[in-house]
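Breakdown of the fold
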Amino acid sequence: MEVKIPELGENVDEAEVLRVLVAEGDRIEEEQPILELQTDKASTEMPSPASGKVQAIRVSEGDTVTPGQVVLELSTEETEEESEEESEEESEKESEKESEKESEKESEKESEKESEKESEKESEKE
């Protein structure tokens, strides 16, 4: 999930990042302060919009940011659960494919054996 700078207020187009309050790999809670911002009108803390794990920080102290700018990547619990489910589904699909391949190989072997038997029978007739 991309975390973006929210609207900063009327007639406020940018802010300076005073402090980054989290680090990559941190687990954070919804509403936990993640950045301290300074506008020309006030200093404020920016809360996290969701709980999760900080994957990447896209800003540094001293950077100027604008509303809508991505400041960090957050993997939410939902995202992590979805990833786990997708991995499980992919594993199941791979297992099914392997089973299908094995079944196909067995079928091919049986067909080959039957063909060999038929060839042997024909040879015996001659």
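These notes cover the structure that comes with them. Because the structure is a prediction, the values reported are computed rather than measured.

1. A short note on the sheet that holds strand β3 (residues 27–28)
Strand pairing in a sheet relies on backbone hydrogen bonds, with the paired strands running either antiparallel or parallel. The strand order across the open sheet built from four strands is β1-β8-β6-β3, with neighbouring strands paired in antiparallel fashion. Each having just a single partner strand, β1 (2–4) and β3 make up the two edges of the open sheet. Bridging between strand β6 (residues 52–57) and strand β8 (residues 70–76) involves five bridges; their strand directions are antiparallel. Note on β8: the bridge partner recorded for Lys 53 is Ser 75.

2. Remarks on unusual backbone geometry
Here Asn 11, not a glycine, exhibits a phi torsion of approximately 60°, which is positive. Along the chain, Asn 11 turns up in the loop between β1 and β2 (15–20). Here Glu 31, not a glycine, exhibits a phi torsion of approximately 75°, which is positive. Within the secondary structure layout, Glu 31 lies in the loop between β3 and β4 (33–38).

3. Some thoughts on the pattern of salt bridges
This model, assessed by the stated rule, comprises two salt bridges. Taking the shortest distance from any N to any O, the salt bridge between Arg 58 and Glu 73 comes out at 3.7 Å. With Arg 58 in the loop between β6 and β7 (64–65) and Glu 73 in strand β8, the pair connects residues that are 15 residues apart, well separated along the chain. Relative accessible area serves as the criterion here: at 48%, Arg 58 is assigned to the partly exposed category. On the basis of relative accessibility, which here comes to 19%, the residue Glu 73 falls in the buried class.

4. Remarks on the environment of Pro 47
Along the chain, Pro 47 turns up in strand β5 (residues 43–47). Judged by its relative accessible area of 35%, Pro 47 is partly exposed. The contact partners of Pro 47, leaving out residues within four places of it in the chain, are Glu 31, Gln 32, Pro 33 and Ile 34.

5. Considering the pairing of β5
When β4 meets β5, the two strands line up antiparallel, connected through five bridges. Looking at β5, one finds that Leu 37 is bridged to Thr 44. Hairpin remark: β4 followed by β5, antiparallel, with four residues in the connecting loop.

6. Describing the sheet that holds β7
Spatial ordering of the open sheet is given by β5-β4-β2-β7, a layout of four strands whose pairing is antiparallel. Only two strands of the sheet have a single neighbouring strand rather than two, namely β5 and β7. As paired elements, β2 and β4 share four bridges and run antiparallel to each other. Residue pairing in the sheet places Val 17 in a bridge with Leu 37 of β4.

Thresholds, definitions, all that
- Residues numbered from 1 in each chain as written.
- Predicted model: local features only at pLDDT ≥ 70, side-chain atom pairs only at ≥ 80, totals over all residues.
- Heavy atoms only, no water.
- Pairing = 2+ DSSP bridges.
- Helix = DSSP H or I, 4+ residues; strand = E, 2+ residues; numbered from the N terminus.
- Salt bridge = Lys/Arg side-chain N within 4 Å of Asp/Glu carboxyl O.
- Buried < 20%, exposed > 50% of the residue type's maximum accessible area, 1.4 Å probe, protein only.
- Contact = heavy atoms within 4.5 Å.

Honestly, that's just the spatial picture; any functional story needs more than this.
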